[in-house]
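# Fold and contact review
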Amino acid sequence: MTAISRRVFSCIFIYYRPNIFERTYRFSAFLYQRMKYSIVVGYEEQGLIGVDNKLLIECKDDLKRFYQITTDEYPEGSQNVLIMGYKTWISIPKEARPFKKRISVVVTRNHGDEIQESDELKVASSLDEAFQISESLACGRTFVIGGSSLFRECHERFSRDLE
């Protein structure tokens with residue numbers, strides 16, 4: 001992926017902030033009322049978000065912005081929930097997981113037994129279950145942070161509820 005220059009990626013990334021970097025969706029299902037959630041993603045011109053379970057470019061400013069968005073205190077509560085897939089979870093350095101000041105929910109059908117649950121870390125077998133966990137925690141905002149299959153599922157199932 002060396003063909004993607006840092007300048008092009010950064011310009012695209014900055015251009016989309018904050019309107020596309022943080023999109024707000026509403027989740028609806030039979031079991032509970034509409035739940036607001038946000039998708040936080042950085043991507044380049046062709047829509048790529050990463051290669052080989054790594055970010056395309058690790059930019060300190062982008063990581064600071066991610067930290068700010070996902071740790072800010074919102075009217076809903078002080079500790080936010082981050083929903084991610086298993087590949088996104090394992091791509092995070094071990095010393096950084098689970099994220100500080102946030103609750104992580106990892107969506108996996110096959111690797112749940114490999115993750116040690118705690119107050120800051122939960123495991124879900126589906127996106128629906130992850131939203132149920134988030135709602136039951138009565139915390140701050142809920143952010144879906146990756147990977148591509150979760151983004152695709154959010155878009156396919158909940159795009160009509162885009163705010």
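Structure: see above.
Below or above, wherever it landed, is the structure these notes cover. The model shown is predicted, which means the values in this text are computed figures rather than measured ones. (Residues numbered from 1 in each chain as written. Predicted model: local features only at pLDDT ≥ 70, side-chain atom pairs only at ≥ 80, totals over all residues. Heavy atoms only, no water.)

Before going further, it helps to examine the layout of surface pockets. Considered as a void within the structure, the largest pocket measures approximately 1,500 Å³ in volume. If you go around the largest pocket, you meet 46 residues; those closest to its centre are L55, T88, S91, I92 and I145. Listing elements by their share of the lining of the largest pocket, those giving two or more residues are α1 (6–16), β3 (50–51), β4 (54–55), α2 (60–71), α3 (86–91), β6 (102–107), β8 (142–146) and α5 (148–158). Here the lining of the largest pocket gets five residues from one element, more than from any other, and that element is α5. Split into classes, the residues belonging to the lining of the largest pocket amount to 23 nonpolar, 14 polar and nine charged. (1 Å grid on protein atoms, 1.4 Å probe; cavity = no way out; pocket = protein on both sides within 12 Å on 5 of 7 lines; lining within 4 Å. Points joined across faces, edges and corners; volume = space filled by probe spheres on them. Helix = DSSP H or I, 4+ residues; strand = E, 2+ residues; numbered from the N terminus. Nonpolar A, V, L, I, M, F, W, Y, C, P; charged D, E, K, R; others polar.)

Within the secondary structure, S148 is located in helix α5. Residue S148 is classed as partly exposed on the basis of its relative accessible area of 40%. Spatially, the C-alpha atoms of S148 and I49 are 7.6 Å apart, while their sequence positions differ by 99 residues. (Buried < 20%, exposed > 50% of the residue type's maximum accessible area, 1.4 Å probe, protein only.)

Moving on, we get to the nonpolar core. In terms of nonpolar packing, the biggest core is built from 19 residues, with I39, I83, V105 and V144 touching the most fellow members. If you list the elements that add at least two residues to this core, you get β2 (35–40), β5 (80–85), β6, α4 (127–137) and α5. In terms of residues, this core owes the most to one element, α4, which gives four residues. With residues up to four places along the chain from it excluded, the contact list for V144 reads Y37, S38, I39, V40, I83, F131, L150, F151 and C154. If you look at the next biggest cluster of nonpolar residues, it comprises 16 residues, including W89, L121, V123 and F143. (Core = buried A, V, L, I, M, F, W, Y, C linked by side-chain atoms within 4.5 Å. Contact = heavy atoms within 4.5 Å.)

Turning next to the packing of aromatic side chains. Two numbers describe a pair of aromatic rings. These are the distance of the centres and the angle of the planes. Per the counting criterion, the structure on display carries three aromatic pairs. Summarising the aromatic geometry, the rings of Y37 and F131 are spaced 4.7 Å apart at their centres and angled 50° between planes, so their arrangement reads as tilted. In this pair, Y37 is assigned in strand β2 and F131 in helix α4, connecting sequence segments 94 residues apart. Taking the relative accessible area as the measure of exposure, Y37 reaches 1% and is therefore buried. For F131, a relative accessible area of 0% puts it in the buried group. For the pair Y74 and F143, a centre-to-centre distance of 6.1 Å together with 50° between the ring planes defines the contact as tilted. Taken together, the residues Y74 in the loop between α2 and β5 and F143 in strand β8 connect sequence positions 69 residues apart. (Phe/Tyr/Trp six-rings, centres within 6.5 Å; stacked < 30°, edge-to-face > 60°.)

Take the pairing of β6 next. Most of β6 is tucked away, with six of its six residues classed as buried. As paired elements, β5 and β6 share six bridges and run parallel to each other. Bridge assignment links L82 to a residue of β6, and that residue is S104. As for the winding sense of the linkage, the β-α-β connection from β5 through α3 to β6 is right-handed. (Pairing = 2+ DSSP bridges. Right-handed = clockwise from strand over helix to strand, strands pointing away.)

Peptide bonds are trans in most cases, and residues, glycine excluded, mostly fall at negative phi. Following R97, the chain continues into P98 via a peptide bond in cis, with omega recorded as -10°. In this fold, P98 is placed in the loop between α3 and β6. Residues G146 and G147 are joined by a peptide bond in cis, for which omega reads 5°. With respect to the element layout, G147 can be found in the loop between β8 and α5. Located in the positive-phi region is K101, a residue other than glycine, with phi close to 65°. Along the polypeptide, K101 turns up in the loop between α3 and β6.

Any link to function would need more than the numbers given here.
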